[in-house]
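Secondary and tertiary structure notes
Listed below, chain by chain, are the residues.
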Amino acid sequence: MPADNLDEAVDLQATLNSTALQAQLSKNTFHIISLTHCTDCGFEIDQKRQALGGVKRCTECEGFHQREVFQKKQRAM
Ligand SMILES: [Zn+2]
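Residue numbers run consecutively from 1 along every chain, following the written order of its sequence. pLDDT decides what is reported in this predicted model: residues at 70 or higher carry local features, side-chain atom pairs at 80 or more are listed and counted, and totals for whole chains, interfaces and linings draw on all residues regardless. The basis for every side-chain value is the complete set of heavy atoms in the structure, and neither hydrogens nor water enter the calculation.

**Focus: the nonpolar core**
What counts is decided by this rule: Definition used in this section: a nonpolar core is a set of buried Ala, Val, Leu, Ile, Met, Phe, Trp, Tyr and Cys residues joined via side-chain atoms within 4.5 Å. Partly exposed residues are those whose accessible area sits between 20% and 50% of the maximum for their type, while under 20% is buried and over 50% is exposed, using a 1.4 Å probe and protein chains only. Working rule for contacts: check all heavy atoms of both residues, and any pair within 4.5 Å makes them a contact.
By size, the foremost hydrophobic cluster in this structure holds six residues: Cys-38, Ile-45, Leu-52, Val-55, Cys-58 and Cys-61. Once you skip the residues sitting within four places of it in the chain, Cys-58 turns out to touch Cys-38, Cys-41, Ile-45 and Arg-49.

**Re the coordination of the zinc ion**
Defined as follows: Note that water is not among the atoms used; donors are N, O and S atoms within 2.8 Å of the metal (3.2 Å for Na, K and Ca), so sites may look incomplete. Angle rules define the geometry names used: all angles between 85 and 135 degrees makes four donors tetrahedral, while opposite donors over 155 degrees apart and all other angles between 65 and 115 make four donors square planar and six octahedral, leaving every other case irregular. By definition, any uninterrupted DSSP run of H or I lasting at least four residues is a helix, any uninterrupted run of E lasting at least two residues is a strand, and each is numbered from the N terminus.
Cys-38 (SG), Cys-41 (SG), Cys-58 (SG) and Cys-61 (SG) make up the full set of protein donors to the zinc ion, lying at 2.3 Å. Taken together, the four donor atoms coordinating the zinc ion and their angles of 102 to 119 degrees define a geometry best described as tetrahedral. Between consecutive donors of the zinc ion, the numbers of intervening residues give the motif C-x2-C-x16-C-x2-C. Of this pair, Cys-41 sits in the loop between helix 1 (3–26) and helix 2 (47–50) while Cys-61 sits in helix 3 (residues 59–76), and the two are 20 residues apart along the sequence. Judged by relative accessible area, Cys-41 falls into the partly exposed class, the value being 34%. We classify Cys-61 as buried; its relative accessible area is 12%.

**Section: helix 1**
Three or four residues apart is the spacing at which side chains of an α-helix point the same way, because the helix has 3.6 residues per turn. Convention followed: For a helix, the expected span equals 1.5 Å multiplied by the number of residues minus one.
Its 24 residues give helix 1 an end-to-end C-alpha distance of 34 Å, which sits within 8% of 34 Å, the value for a rise of 1.5 Å per residue. Asn-28 sits one or two residues past helix 1 and shows a positive phi near 50 degrees.

**Things to note about the environment of Lys-48**
Among the secondary structure elements, Lys-48 is positioned in helix 2. Sequence separation between Lys-48 and Leu-12 is 36 residues, and the spatial gap between their C-alpha atoms is 22 Å.

**Notes on the pattern of salt bridges**
For clarity, the cut-off: What makes a salt bridge here is a side-chain nitrogen of Lys or Arg within 4 Å of a carboxyl oxygen of Asp or Glu, nothing more.
Applying the stated criterion across every chain yields a total of three salt bridges. With a shortest N-O distance of 3.2 Å, Arg-57 and Asp-40 are connected by a salt bridge. Taken as a pair, Arg-57 in the loop between helix 2 and helix 3 and Asp-40 in the loop between helix 1 and helix 2 lie far apart in primary sequence, 17 residues in all. Looking at Asp-40, the relative accessible area reads 47%, which means it is partly exposed. Between Glu-62 and Arg-49 there is a salt bridge, with the nearest N and O atoms lying 3.8 Å from each other. Of this pair, Glu-62 sits in helix 3 while Arg-49 sits in helix 2, and the two are 13 residues apart along the sequence. According to the relative accessible area criterion, Glu-62 is buried, its value standing at 17%.

Limitation: the analysis is restricted to geometry and does not speak to function.
Dropping the structure here:
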C-alpha cells in the first residue's frame, strides 16, 4: 500500500474511532454498569470497553449490530 493510502487509512480510522467515542460519550451511560460478557457471543468484554458504561456487546458484535441498524435505516429510507 503506498504511503499516501496508508496515511488516509490511518486518518479515516482515527476519525471513525473519534466519532464512535463521541457517540458513546454523548449517551452519558457511565452510570450504567456494563455487562462483563457479550450478550451475542458470550465472550468477555474488554475492560476498557466496559468502563464506557451501558455496554452489552463486545467490539466485534457491536460492529455487526451497528451495521445491521445502519442497513435497516437505509432500507427504511
Ligand atoms: Zn460478542
